Amino acid sequence: MAFNSFEFLFFLAITYFLYRLVPWREQNIILLVASYVFYASWDIRLLGLIVLSTVTCFCCGVMIESGRMTRFHRYLAAGSLVLASLAFNTWQWDAIKLNLLPLNLSIQWQKLLPTQIGGWLFFVSALLFVVIANLMYPRWVLLKQQKKRQLFLWIGIVIHIGILGFFKYCNFFIDSTVNLVRVIGIPLESPHLNLIASIGISFYTFKAISYIVDVYKGKIEACDSFLNLALFLSFFPPLLAGPIDRAGKLLPQLSSPRHLNFQQTSEGIFLILFGLFKKLAIADGIASSVNAVYQATGKVSWLDVVLATLLYTIQIYCDFSGYSDTARGISKLFGIDLTDNFNLPYFSKTPSEFWQRWHISLSTWLRDYLYIPLGGNRRGDLRTYQNLMTTMVLGGLWHGAAWNFILWGFYQGAILCIYRVFSPKEQKTSALSNQGLGLIWGMGATLLFFVVTCYGWLLFRATSLTQVITFTQILFTDLGNFSLSMPKPPLAAIVGIPLLIGYEVSAYLAGNADFRYRFPTPVRAALYAALIFILLMGTSNAPAQFIYATF
(Lines give C-alpha, C1' and ligand atoms only; values in the text may rest on other atoms or scores of the structure.)
Protein backbone atom coordinates (compact mmCIF):
# COMPACT_ATOMS: atom_id res chain seq x y z
CA MET A 1 0.00 0.00 0.00
CA ALA A 2 2.34 2.72 -1.26
CA PHE A 3 1.61 6.45 -0.99
CA ASN A 4 1.20 6.59 -4.77
CA SER A 5 -1.66 4.08 -4.90
CA PHE A 6 -5.44 4.40 -4.83
CA GLU A 7 -5.57 1.84 -2.01
CA PHE A 8 -3.58 4.20 0.18
CA LEU A 9 -5.80 7.15 -0.74
CA PHE A 10 -8.86 5.17 0.41
CA PHE A 11 -7.04 4.01 3.56
CA LEU A 12 -5.99 7.59 4.39
CA ALA A 13 -9.52 8.93 3.88
CA ILE A 14 -11.02 6.32 6.24
CA THR A 15 -8.30 6.88 8.87
CA TYR A 16 -8.70 10.66 8.72
CA PHE A 17 -12.49 10.45 8.98
CA LEU A 18 -12.33 8.21 12.06
CA TYR A 19 -9.54 10.34 13.56
CA ARG A 20 -11.67 13.47 13.41
CA LEU A 21 -14.65 11.72 15.03
CA VAL A 22 -13.08 10.66 18.32
CA PRO A 23 -11.48 12.49 21.32
CA TRP A 24 -7.70 12.89 21.32
CA ARG A 25 -6.93 9.91 23.60
CA GLU A 26 -8.80 7.60 21.22
CA GLN A 27 -7.09 9.29 18.26
CA ASN A 28 -3.86 7.54 19.23
CA ILE A 29 -5.65 4.18 19.13
CA ILE A 30 -6.95 5.01 15.64
CA LEU A 31 -3.46 5.95 14.49
CA LEU A 32 -1.86 2.85 16.02
CA VAL A 33 -4.40 0.49 14.45
CA ALA A 34 -4.01 2.31 11.11
CA SER A 35 -0.22 2.08 11.37
CA TYR A 36 -0.31 -1.67 12.03
CA VAL A 37 -2.80 -2.19 9.18
CA PHE A 38 -0.56 -0.13 6.88
CA TYR A 39 2.53 -2.12 7.87
CA ALA A 40 0.74 -5.46 7.70
CA SER A 41 -0.41 -4.64 4.17
CA TRP A 42 3.21 -5.23 3.07
CA ASP A 43 3.57 -8.47 5.00
CA ILE A 44 1.68 -9.39 8.14
CA ARG A 45 4.76 -11.11 9.56
CA LEU A 46 6.45 -7.69 9.83
CA LEU A 47 4.18 -6.94 12.81
CA GLY A 48 6.07 -9.50 14.84
CA LEU A 49 9.32 -7.57 14.39
CA ILE A 50 7.98 -4.12 15.17
CA VAL A 51 6.14 -5.33 18.27
CA LEU A 52 9.32 -7.07 19.45
CA SER A 53 11.10 -3.74 19.00
CA THR A 54 8.34 -1.93 20.94
CA VAL A 55 8.39 -4.40 23.84
CA THR A 56 12.19 -4.18 24.04
CA CYS A 57 12.10 -0.37 24.02
CA PHE A 58 9.36 -0.21 26.63
CA CYS A 59 10.97 -2.65 29.07
CA CYS A 60 14.48 -1.24 28.67
CA GLY A 61 13.28 2.35 29.05
CA VAL A 62 11.36 1.60 32.26
CA MET A 63 14.19 -0.50 33.75
CA ILE A 64 16.82 2.14 32.91
CA GLU A 65 14.81 4.91 34.52
CA SER A 66 13.09 3.32 37.52
CA GLY A 67 14.82 -0.04 37.91
CA ARG A 68 11.63 -2.08 38.13
CA MET A 69 8.39 -2.73 36.27
CA THR A 70 4.85 -3.03 37.52
CA ARG A 71 3.16 -6.40 37.19
CA PHE A 72 0.73 -4.90 34.67
CA HIS A 73 3.57 -3.68 32.47
CA ARG A 74 5.30 -7.07 32.62
CA TYR A 75 2.11 -8.91 31.65
CA LEU A 76 1.42 -6.36 28.92
CA ALA A 77 4.90 -6.72 27.42
CA ALA A 78 4.88 -10.53 27.64
CA GLY A 79 1.39 -10.84 26.17
CA SER A 80 2.16 -8.42 23.32
CA LEU A 81 5.31 -10.29 22.40
CA VAL A 82 3.63 -13.71 22.40
CA LEU A 83 0.65 -12.47 20.37
CA ALA A 84 2.87 -10.62 17.91
CA SER A 85 4.99 -13.71 17.38
CA LEU A 86 1.86 -15.38 16.04
CA ALA A 87 1.82 -12.77 13.31
CA PHE A 88 5.09 -14.19 12.14
CA ASN A 89 3.20 -17.22 10.94
CA THR A 90 1.40 -17.23 7.63
CA TRP A 91 -2.28 -16.85 8.37
CA GLN A 92 -4.71 -18.01 5.72
CA TRP A 93 -7.77 -15.88 6.26
CA ASP A 94 -9.75 -17.71 3.59
CA ALA A 95 -9.93 -20.59 6.09
CA ILE A 96 -12.60 -18.56 7.92
CA LYS A 97 -15.89 -18.22 6.04
CA LEU A 98 -18.90 -16.34 7.37
CA ASN A 99 -22.31 -16.29 5.67
CA LEU A 100 -24.92 -13.89 7.04
CA LEU A 101 -27.93 -15.37 5.26
CA PRO A 102 -28.32 -17.97 6.57
CA LEU A 103 -25.92 -17.37 9.42
CA ASN A 104 -23.13 -19.85 9.09
CA LEU A 105 -19.54 -19.82 10.27
CA SER A 106 -17.05 -22.39 9.08
CA ILE A 107 -13.40 -22.58 10.08
CA GLN A 108 -10.84 -24.91 8.57
CA TRP A 109 -8.63 -25.15 11.62
CA GLN A 110 -5.85 -27.04 9.88
CA LYS A 111 -5.34 -24.08 7.53
CA LEU A 112 -4.93 -21.67 10.46
CA LEU A 113 -1.91 -23.56 11.69
CA PRO A 114 1.46 -22.18 10.63
CA THR A 115 2.88 -23.76 7.53
CA GLN A 116 6.43 -22.45 7.78
CA ILE A 117 9.01 -23.63 10.29
CA GLY A 118 10.40 -20.10 10.58
CA GLY A 119 7.14 -18.90 12.10
CA TRP A 120 7.15 -21.70 14.66
CA LEU A 121 10.77 -20.97 15.54
CA PHE A 122 9.99 -17.29 16.13
CA PHE A 123 6.96 -18.22 18.25
CA VAL A 124 8.91 -20.71 20.38
CA SER A 125 11.81 -18.24 20.70
CA ALA A 126 9.40 -15.54 21.89
CA LEU A 127 7.97 -17.91 24.53
CA LEU A 128 11.45 -18.84 25.73
CA PHE A 129 12.46 -15.16 25.81
CA VAL A 130 9.43 -14.31 27.96
CA VAL A 131 10.05 -17.21 30.34
CA ILE A 132 13.77 -16.46 30.74
CA ALA A 133 13.15 -12.72 31.19
CA ASN A 134 10.61 -13.37 33.95
CA LEU A 135 12.93 -15.85 35.69
CA MET A 136 15.80 -13.35 35.56
CA TYR A 137 13.69 -10.35 36.57
CA PRO A 138 14.09 -10.76 40.41
CA ARG A 139 17.89 -10.84 40.00
CA TRP A 140 17.90 -7.81 37.71
CA VAL A 141 15.88 -5.80 40.22
CA LEU A 142 18.50 -6.44 42.91
CA LEU A 143 21.40 -5.11 40.79
CA LYS A 144 22.92 -1.73 41.62
CA GLN A 145 21.21 1.08 39.75
CA GLN A 146 24.12 2.01 37.48
CA LYS A 147 24.78 -1.62 36.55
CA LYS A 148 21.10 -2.07 35.85
CA ARG A 149 21.04 1.00 33.63
CA GLN A 150 24.06 -0.17 31.64
CA LEU A 151 22.70 -3.71 31.39
CA PHE A 152 19.38 -2.62 29.88
CA LEU A 153 21.05 -0.05 27.66
CA TRP A 154 23.12 -2.81 26.07
CA ILE A 155 20.24 -5.32 26.03
CA GLY A 156 18.20 -2.81 24.05
CA ILE A 157 21.01 -1.97 21.63
CA VAL A 158 22.11 -5.58 21.09
CA ILE A 159 18.56 -6.84 20.44
CA HIS A 160 17.90 -4.11 17.87
CA ILE A 161 21.25 -4.45 16.13
CA GLY A 162 20.74 -8.22 16.18
CA ILE A 163 17.30 -8.00 14.54
CA LEU A 164 18.55 -5.52 11.94
CA GLY A 165 21.69 -7.53 11.25
CA PHE A 166 19.89 -10.84 10.91
CA PHE A 167 16.99 -9.78 8.71
CA LYS A 168 18.88 -7.29 6.55
CA TYR A 169 22.50 -8.42 6.35
CA CYS A 170 22.57 -12.14 7.16
CA ASN A 171 22.34 -13.35 3.55
CA PHE A 172 24.78 -10.64 2.39
CA PHE A 173 27.51 -11.77 4.77
CA ILE A 174 26.82 -15.46 4.07
CA ASP A 175 27.07 -14.92 0.30
CA SER A 176 30.18 -12.74 0.65
CA THR A 177 31.90 -15.36 2.81
CA VAL A 178 30.97 -18.16 0.40
CA ASN A 179 32.26 -16.14 -2.57
CA LEU A 180 35.52 -15.45 -0.72
CA VAL A 181 35.97 -19.16 0.01
CA ARG A 182 35.29 -19.99 -3.63
CA VAL A 183 37.99 -17.54 -4.73
CA ILE A 184 40.62 -19.57 -2.90
CA GLY A 185 39.44 -22.69 -4.72
CA ILE A 186 37.12 -24.36 -2.20
CA PRO A 187 33.72 -25.25 -3.75
CA LEU A 188 30.92 -24.37 -1.35
CA GLU A 189 27.14 -24.13 -1.69
CA SER A 190 25.58 -20.91 -0.35
CA PRO A 191 23.08 -21.61 2.49
CA HIS A 192 20.92 -18.65 1.44
CA LEU A 193 18.14 -18.08 4.03
CA ASN A 194 14.56 -17.38 2.97
CA LEU A 195 13.98 -14.27 5.10
CA ILE A 196 11.08 -11.85 4.83
CA ALA A 197 11.71 -8.48 3.12
CA SER A 198 12.21 -6.32 6.22
CA ILE A 199 10.69 -3.11 4.83
CA GLY A 200 11.33 -0.01 6.93
CA ILE A 201 13.29 -1.92 9.59
CA SER A 202 16.34 0.39 9.31
CA PHE A 203 14.23 3.43 10.09
CA TYR A 204 12.30 2.23 13.15
CA THR A 205 15.37 0.43 14.51
CA PHE A 206 17.29 3.72 14.58
CA LYS A 207 14.31 5.40 16.27
CA ALA A 208 14.26 2.65 18.88
CA ILE A 209 17.99 2.83 19.60
CA SER A 210 17.91 6.63 19.92
CA TYR A 211 14.98 6.32 22.37
CA ILE A 212 16.87 3.88 24.63
CA VAL A 213 20.09 5.92 24.52
CA ASP A 214 18.25 9.18 25.23
CA VAL A 215 16.51 7.63 28.25
CA TYR A 216 19.87 6.34 29.48
CA LYS A 217 21.47 9.79 29.09
CA GLY A 218 18.53 11.44 30.85
CA LYS A 219 17.58 13.54 27.81
CA ILE A 220 14.01 12.23 27.96
CA GLU A 221 11.87 10.38 30.46
CA ALA A 222 10.92 6.78 29.77
CA CYS A 223 7.49 6.56 28.17
CA ASP A 224 5.03 4.98 30.61
CA SER A 225 2.38 4.46 27.92
CA PHE A 226 2.90 1.32 25.88
CA LEU A 227 0.39 2.61 23.31
CA ASN A 228 2.19 5.92 22.78
CA LEU A 229 5.56 4.22 22.49
CA ALA A 230 4.14 1.70 20.00
CA LEU A 231 2.71 4.60 17.98
CA PHE A 232 6.03 6.49 18.12
CA LEU A 233 7.82 3.53 16.51
CA SER A 234 5.13 2.55 14.03
CA PHE A 235 3.49 5.87 13.05
CA PHE A 236 2.67 5.05 9.43
CA PRO A 237 3.58 8.21 7.41
CA PRO A 238 7.35 8.06 8.11
CA LEU A 239 7.43 4.31 8.81
CA LEU A 240 8.95 3.13 5.52
CA ALA A 241 11.46 5.85 4.67
CA GLY A 242 11.64 8.41 7.44
CA PRO A 243 12.31 11.00 8.56
CA ILE A 244 13.85 9.36 11.64
CA ASP A 245 12.30 11.57 14.29
CA ARG A 246 13.61 11.44 17.84
CA ALA A 247 11.40 10.53 20.78
CA GLY A 248 12.05 13.96 22.30
CA LYS A 249 10.26 15.57 19.34
CA LEU A 250 7.50 13.07 18.57
CA LEU A 251 6.43 11.59 21.92
CA PRO A 252 5.35 14.93 23.43
CA GLN A 253 3.11 15.47 20.40
CA LEU A 254 1.59 12.00 20.79
CA SER A 255 1.08 12.46 24.53
CA SER A 256 -0.91 15.70 24.37
CA PRO A 257 -4.05 16.97 22.60
CA ARG A 258 -3.53 18.13 19.03
CA HIS A 259 -5.34 21.13 17.64
CA LEU A 260 -5.83 21.18 13.91
CA ASN A 261 -6.19 24.49 12.12
CA PHE A 262 -6.60 25.69 8.56
CA GLN A 263 -2.96 26.72 8.08
CA GLN A 264 -1.66 23.34 9.24
CA THR A 265 -4.08 21.50 6.96
CA SER A 266 -3.27 23.68 3.95
CA GLU A 267 0.48 23.20 4.53
CA GLY A 268 -0.10 19.47 4.77
CA ILE A 269 -2.05 19.36 1.51
CA PHE A 270 0.66 21.37 -0.27
CA LEU A 271 3.41 19.05 1.00
CA ILE A 272 1.43 16.00 -0.19
CA LEU A 273 0.88 17.64 -3.57
CA PHE A 274 4.53 18.69 -3.89
CA GLY A 275 5.82 15.30 -2.74
CA LEU A 276 3.63 13.35 -5.16
CA PHE A 277 4.55 15.76 -7.97
CA LYS A 278 8.22 14.97 -7.39
CA LYS A 279 7.59 11.24 -7.12
CA LEU A 280 4.99 10.56 -9.82
CA ALA A 281 5.81 13.18 -12.43
CA ILE A 282 9.61 13.30 -12.16
CA ALA A 283 11.11 10.32 -10.31
CA ASP A 284 8.85 7.68 -11.86
CA GLY A 285 9.04 9.46 -15.23
CA ILE A 286 12.82 9.34 -15.57
CA ALA A 287 13.22 5.92 -13.94
CA SER A 288 12.86 4.08 -17.25
CA SER A 289 15.57 6.24 -18.91
CA VAL A 290 17.97 5.61 -16.02
CA ASN A 291 17.20 1.88 -15.94
CA ALA A 292 17.79 1.60 -19.69
CA VAL A 293 21.43 2.56 -19.16
CA TYR A 294 22.14 0.97 -15.76
CA GLN A 295 20.48 -2.29 -16.83
CA ALA A 296 21.82 -2.31 -20.37
CA THR A 297 23.23 -5.61 -21.55
CA GLY A 298 25.45 -4.07 -24.26
CA LYS A 299 27.97 -1.24 -24.35
CA VAL A 300 26.76 2.26 -23.55
CA SER A 301 28.33 5.57 -24.58
CA TRP A 302 29.91 8.36 -22.54
CA LEU A 303 26.85 10.53 -23.11
CA ASP A 304 24.55 7.70 -21.94
CA VAL A 305 26.45 7.34 -18.66
CA VAL A 306 26.60 11.10 -18.04
CA LEU A 307 22.92 11.75 -18.77
CA ALA A 308 21.70 8.63 -16.95
CA THR A 309 23.75 9.54 -13.87
CA LEU A 310 22.53 13.14 -13.99
CA LEU A 311 18.94 11.93 -14.28
CA TYR A 312 19.48 9.48 -11.42
CA THR A 313 20.76 12.38 -9.32
CA ILE A 314 17.41 14.04 -9.93
CA GLN A 315 15.44 10.80 -9.59
CA ILE A 316 16.76 9.78 -6.17
CA TYR A 317 16.28 13.29 -4.83
CA CYS A 318 12.71 13.53 -6.11
CA ASP A 319 11.92 9.99 -4.99
CA PHE A 320 13.29 10.34 -1.46
CA SER A 321 12.38 13.95 -0.75
CA GLY A 322 9.01 13.24 -2.39
CA TYR A 323 8.40 10.53 0.22
CA SER A 324 9.53 12.82 3.06
CA ASP A 325 7.34 15.69 1.88
CA THR A 326 4.33 13.40 1.54
CA ALA A 327 4.95 11.85 4.97
CA ARG A 328 5.25 15.30 6.55
CA GLY A 329 2.10 16.45 4.76
CA ILE A 330 0.05 13.45 5.89
CA SER A 331 1.30 13.91 9.46
CA LYS A 332 0.24 17.55 9.42
CA LEU A 333 -3.30 16.44 8.56
CA PHE A 334 -3.26 14.62 11.91
CA GLY A 335 -1.75 17.63 13.69
CA ILE A 336 1.73 16.09 14.02
CA ASP A 337 4.90 17.84 12.81
CA LEU A 338 7.81 15.76 11.52
CA THR A 339 11.39 16.85 10.90
CA ASP A 340 12.16 18.51 7.57
CA ASN A 341 14.47 15.91 6.03
CA PHE A 342 15.82 17.97 3.08
CA ASN A 343 17.00 21.53 2.66
CA LEU A 344 18.00 22.09 -0.99
CA PRO A 345 20.96 19.66 -0.85
CA TYR A 346 22.19 20.21 -4.41
CA PHE A 347 23.06 23.82 -3.59
CA SER A 348 25.77 22.60 -1.21
CA LYS A 349 29.31 23.85 -1.68
CA THR A 350 31.05 21.34 0.57
CA PRO A 351 30.54 17.72 1.68
CA SER A 352 29.85 18.76 5.27
CA GLU A 353 27.19 21.22 4.06
CA PHE A 354 25.67 18.49 1.88
CA TRP A 355 25.12 16.24 4.90
CA GLN A 356 23.50 19.13 6.73
CA ARG A 357 20.99 19.37 3.88
CA TRP A 358 20.51 15.75 2.68
CA HIS A 359 18.60 13.18 4.77
CA ILE A 360 19.03 15.45 7.76
CA SER A 361 17.46 13.08 10.27
CA LEU A 362 19.89 10.27 9.34
CA SER A 363 23.02 12.43 9.23
CA THR A 364 22.24 13.95 12.64
CA TRP A 365 21.47 10.45 14.00
CA LEU A 366 24.86 9.17 12.78
CA ARG A 367 26.54 12.24 14.26
CA ASP A 368 24.89 11.96 17.69
CA TYR A 369 24.82 8.18 18.17
CA LEU A 370 27.92 7.02 16.27
CA TYR A 371 30.42 9.75 15.33
CA ILE A 372 30.45 11.58 18.68
CA PRO A 373 30.48 8.38 20.83
CA LEU A 374 33.45 7.21 18.73
CA GLY A 375 35.28 10.36 19.81
CA GLY A 376 34.22 12.80 17.09
CA ASN A 377 36.97 15.32 16.44
CA ARG A 378 38.15 15.48 20.04
CA ARG A 379 41.12 13.10 19.78
CA GLY A 380 43.34 14.55 17.08
CA ASP A 381 43.24 14.66 13.30
CA LEU A 382 44.06 11.01 12.65
CA ARG A 383 41.31 9.77 14.97
CA THR A 384 38.89 12.29 13.43
CA TYR A 385 39.51 10.89 9.93
CA GLN A 386 39.10 7.37 11.25
CA ASN A 387 35.79 8.29 12.91
CA LEU A 388 34.56 10.01 9.76
CA MET A 389 35.37 6.97 7.62
CA THR A 390 33.79 4.55 10.10
CA THR A 391 30.62 6.62 10.34
CA MET A 392 30.18 7.05 6.59
CA VAL A 393 31.00 3.43 5.68
CA LEU A 394 28.48 2.19 8.25
CA GLY A 395 26.07 4.83 6.95
CA GLY A 396 26.57 3.41 3.45
CA LEU A 397 25.97 -0.13 4.71
CA TRP A 398 22.81 1.09 6.47
CA HIS A 399 21.36 1.84 3.03
CA GLY A 400 21.55 -1.75 1.88
CA ALA A 401 23.35 -5.05 1.98
CA ALA A 402 25.53 -4.60 -1.11
CA TRP A 403 29.15 -3.74 -1.79
CA ASN A 404 28.34 -0.67 -3.87
CA PHE A 405 26.64 0.93 -0.83
CA ILE A 406 29.77 0.26 1.21
CA LEU A 407 31.86 1.77 -1.60
CA TRP A 408 29.53 4.79 -1.68
CA GLY A 409 29.94 5.22 2.09
CA PHE A 410 33.72 4.97 1.71
CA TYR A 411 33.58 7.60 -1.07
CA GLN A 412 31.52 9.96 1.11
CA GLY A 413 33.91 9.47 4.02
CA ALA A 414 36.92 10.07 1.77
CA ILE A 415 35.62 13.37 0.38
CA LEU A 416 34.77 14.53 3.92
CA CYS A 417 38.35 13.76 5.00
CA ILE A 418 39.87 15.36 1.91
CA TYR A 419 37.76 18.46 2.38
CA ARG A 420 38.84 18.64 6.02
CA VAL A 421 42.50 18.55 4.96
CA PHE A 422 42.29 21.01 2.07
CA SER A 423 39.32 23.17 3.07
CA PRO A 424 39.89 26.88 2.40
CA LYS A 425 40.42 28.99 5.46
CA GLU A 426 37.63 31.34 6.48
CA GLN A 427 39.89 34.33 6.07
CA LYS A 428 40.57 33.40 2.45
CA THR A 429 36.88 32.97 1.66
CA SER A 430 36.09 36.23 3.39
CA ALA A 431 38.78 38.01 1.37
CA LEU A 432 37.34 36.68 -1.88
CA SER A 433 33.90 37.85 -0.83
CA ASN A 434 35.25 41.30 -0.05
CA GLN A 435 36.83 41.47 -3.49
CA GLY A 436 33.46 40.83 -5.12
CA LEU A 437 34.44 37.31 -6.11
CA GLY A 438 32.23 35.64 -3.52
CA LEU A 439 29.41 34.98 -5.98
CA ILE A 440 31.72 33.42 -8.57
CA TRP A 441 33.49 31.44 -5.84
CA GLY A 442 30.15 30.17 -4.51
CA MET A 443 28.79 29.20 -7.92
CA GLY A 444 32.04 27.45 -8.84
CA ALA A 445 32.15 25.55 -5.57
CA THR A 446 28.48 24.52 -5.93
CA LEU A 447 28.99 23.31 -9.50
CA LEU A 448 32.18 21.43 -8.64
CA PHE A 449 30.62 19.71 -5.65
CA PHE A 450 27.52 18.84 -7.70
CA VAL A 451 29.77 16.90 -10.09
CA VAL A 452 31.36 15.13 -7.12
CA THR A 453 27.88 14.29 -5.81
CA CYS A 454 26.77 12.92 -9.18
CA TYR A 455 29.70 10.49 -9.28
CA GLY A 456 28.72 9.35 -5.80
CA TRP A 457 25.24 8.52 -7.09
CA LEU A 458 26.84 6.48 -9.88
CA LEU A 459 28.42 4.31 -7.16
CA PHE A 460 25.09 4.17 -5.35
CA ARG A 461 23.01 3.20 -8.39
CA ALA A 462 25.43 0.74 -9.98
CA THR A 463 24.21 -2.84 -10.03
CA SER A 464 27.67 -4.32 -9.33
CA LEU A 465 31.28 -3.40 -8.69
CA THR A 466 32.02 -4.48 -12.25
CA GLN A 467 29.60 -1.84 -13.53
CA VAL A 468 31.24 0.80 -11.33
CA ILE A 469 34.60 0.04 -12.94
CA THR A 470 33.13 -0.12 -16.47
CA PHE A 471 31.21 3.16 -16.21
CA THR A 472 34.20 4.92 -14.61
CA GLN A 473 36.39 3.78 -17.50
CA ILE A 474 33.80 5.04 -20.00
CA LEU A 475 33.77 8.46 -18.30
CA PHE A 476 37.52 8.86 -18.81
CA THR A 477 38.21 6.93 -22.04
CA ASP A 478 35.07 7.43 -24.16
CA LEU A 479 34.91 11.22 -23.84
CA GLY A 480 34.21 11.94 -27.52
CA ASN A 481 31.32 9.50 -27.87
CA PHE A 482 28.09 11.49 -28.03
CA SER A 483 25.91 8.69 -29.41
CA LEU A 484 22.79 8.31 -27.31
CA SER A 485 20.76 5.13 -26.83
CA MET A 486 18.95 6.22 -23.67
CA PRO A 487 15.20 6.72 -24.29
CA LYS A 488 13.72 10.19 -23.80
CA PRO A 489 11.78 10.74 -20.54
CA PRO A 490 8.00 11.35 -20.81
CA LEU A 491 6.58 14.86 -21.17
CA ALA A 492 5.56 15.14 -17.50
CA ALA A 493 9.20 14.79 -16.42
CA ILE A 494 10.49 17.09 -19.17
CA VAL A 495 8.10 19.83 -18.03
CA GLY A 496 8.34 19.02 -14.34
CA ILE A 497 12.14 19.20 -13.96
CA PRO A 498 12.47 22.88 -15.04
CA LEU A 499 9.54 23.79 -12.78
CA LEU A 500 11.21 22.03 -9.85
CA ILE A 501 14.57 23.70 -10.54
CA GLY A 502 12.93 27.11 -10.80
CA TYR A 503 11.05 26.53 -7.54
CA GLU A 504 14.16 25.42 -5.66
CA VAL A 505 16.35 28.24 -7.04
CA SER A 506 13.71 30.71 -5.85
CA ALA A 507 13.62 29.05 -2.43
CA TYR A 508 17.42 29.17 -2.22
CA LEU A 509 17.60 32.85 -3.18
CA ALA A 510 14.77 33.69 -0.80
CA GLY A 511 16.44 31.68 1.97
CA ASN A 512 13.06 30.32 2.98
CA ALA A 513 11.34 27.10 1.86
CA ASP A 514 7.95 28.77 2.47
CA PHE A 515 8.74 31.67 0.14
CA ARG A 516 5.61 30.90 -1.91
CA TYR A 517 3.47 32.61 0.74
CA ARG A 518 5.04 35.89 -0.37
CA PHE A 519 3.51 35.46 -3.83
CA PRO A 520 0.25 37.23 -4.68
CA THR A 521 -2.71 34.88 -4.54
CA PRO A 522 -3.08 34.54 -8.37
CA VAL A 523 0.61 33.56 -8.74
CA ARG A 524 0.35 31.02 -5.93
CA ALA A 525 -2.83 29.61 -7.46
CA ALA A 526 -1.05 29.30 -10.81
CA LEU A 527 1.79 27.39 -9.11
CA TYR A 528 -0.64 24.96 -7.45
CA ALA A 529 -2.51 24.50 -10.74
CA ALA A 530 0.74 23.75 -12.59
CA LEU A 531 1.75 21.19 -9.96
CA ILE A 532 -1.64 19.48 -10.15
CA PHE A 533 -1.65 19.48 -13.94
CA ILE A 534 1.84 17.97 -14.22
CA LEU A 535 1.06 15.53 -11.42
CA LEU A 536 -1.98 14.30 -13.37
CA MET A 537 0.22 13.94 -16.43
CA GLY A 538 2.62 11.89 -14.32
CA THR A 539 -0.03 9.37 -13.31
CA SER A 540 0.47 7.75 -16.71
CA ASN A 541 4.09 6.91 -15.77
CA ALA A 542 4.77 3.35 -14.68
CA PRO A 543 4.53 3.42 -10.84
CA ALA A 544 7.64 2.37 -8.97
CA GLN A 545 8.37 1.53 -5.36
CA PHE A 546 9.93 4.33 -3.32
CA ILE A 547 13.69 3.70 -3.46
CA TYR A 548 14.35 4.27 0.23
CA ALA A 549 11.40 2.11 1.31
CA THR A 550 13.57 -0.92 0.55
CA PHE A 551 16.25 0.30 2.98
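Before reading further, recall that the structure is shown in the block above.
Below is a summary of the structure that appears in this document.

The subject of this paragraph is unusual backbone geometry. A positive phi angle is found at L344, which is not glycine, with a value near 50 degrees. Position of L344 among the secondary structure elements: in the loop between helix 12 (302-333) and helix 13 (351-357). Note on L344: relative accessible area 13%, which makes it buried.

Before going further, it helps to examine the packing of aromatic side chains. A full pass over the atoms with the stated rule returns 51 aromatic pairs. Ring geometry for W140 against F152: centres 5.3 Å apart, planes inclined by 85 degrees, an arrangement best described as edge-to-face. One end of the pair, W140, is in helix 6 (residues 117-142); the other, F152, is in helix 7 (residues 145-183), and twelve residues separate them in sequence. By the burial criterion, W140 is buried, and F152 matches it. Between the aromatic rings of F206 and W365, the centroid separation amounts to 3.8 Å while the plane-to-plane angle is 15 degrees, which identifies the pairing as stacked. Of the two residues, F206 is situated in helix 8 (residues 201-217) and W365 in helix 14 (residues 360-374); the sequence distance between them amounts to 159 residues. Each of the two residues, F206 as well as W365, counts as buried. For K279, the ring lying beneath its charged end belongs to F546, and the centroid distance is 4.6 Å.

Counting residues in each nonpolar core, the largest one holds 158 residues, and the members touching the most others are Y211, F236, W358 and Y548. Of the residues forming this core, the biggest block, 15 residues, is contributed by helix 12. Not counting residues within four places of it along the chain, the set of residues in contact with Y211 comprises C57, G61, I220, A222, C223, L229, F232, A247 and L251.

Across the interface, helix 14 lies against helix 15 (residues 381-399) with an axial gap of 10 Å and an inter-helix angle of 135 degrees. With respect to helix 15, the axis of helix 14 lies oblique. For helix 14 against helix 15, the interelement crossing comes out right-handed. On helix 15, the residues touching L362, L366, L370, Y371 and L374 of helix 14 are R383, T384, N387, L388, T390, T391, L394, G395, W398 and H399. Split into classes, the residues belonging to the contact of helix 14 with helix 15 amount to eight nonpolar, six polar and one charged.

Procedures and definitions
Every chain is numbered on its own, with residues counted from 1 as its sequence reads. This being a predicted model, a pLDDT of at least 70 is required before a residue's local features are given, and a value of 80 or more before pairs of side-chain atoms are given or counted; all residues contribute to the totals for chains, interfaces and linings. Excluding hydrogens and water, the side-chain values take into account all heavy atoms of the structure. Helix and strand definitions here come from DSSP, where helices need a minimum of 4 consecutive H or I residues and strands a minimum of 2 consecutive E residues; each element is numbered from the N-terminal end. For the exposure calls, accessible area comes from a 1.4 Å probe over protein chains only, and a residue counts as buried if that area is under 20% of its type's maximum, exposed if over 50%, partly exposed in between. In summary, the pairing rule links any two rings of Phe, Tyr or Trp, Trp by its six-membered ring, whose centres are within 6.5 Å, and it sorts them by plane angle into stacked for under 30 degrees, edge-to-face for over 60 and tilted for everything else. Only when the NZ of Lys or the CZ of Arg is both within 6 Å of the ring centre and within 35 degrees of the ring normal is a charge said to sit over the ring. Throughout, nonpolar core names a set of buried Ala, Val, Leu, Ile, Met, Phe, Trp, Tyr and Cys residues whose side chains join them through atoms within 4.5 Å. Should any heavy atoms of two residues lie within 4.5 Å, those residues are counted as being in contact. A fitted line through C-alpha atoms serves as each axis, taken over the contacting stretch for helices, and the angle formed by two N-to-C directions is quoted from 0 to 180°. Here the angle decides the label: under 35 degrees means roughly parallel, over 145 means roughly antiparallel, 65 to 115 means roughly perpendicular, and every other value means oblique. If you view the pair so one helix is near and one far, a crossing is left-handed when the near helix is turned anticlockwise from the far one by less than a right angle, and right-handed when it is turned clockwise. Each residue gets one label: Ala, Val, Leu, Ile, Met, Phe, Trp, Tyr, Cys and Pro are nonpolar, Asp, Glu, Lys and Arg are charged, and the others, such as Gly, are polar.

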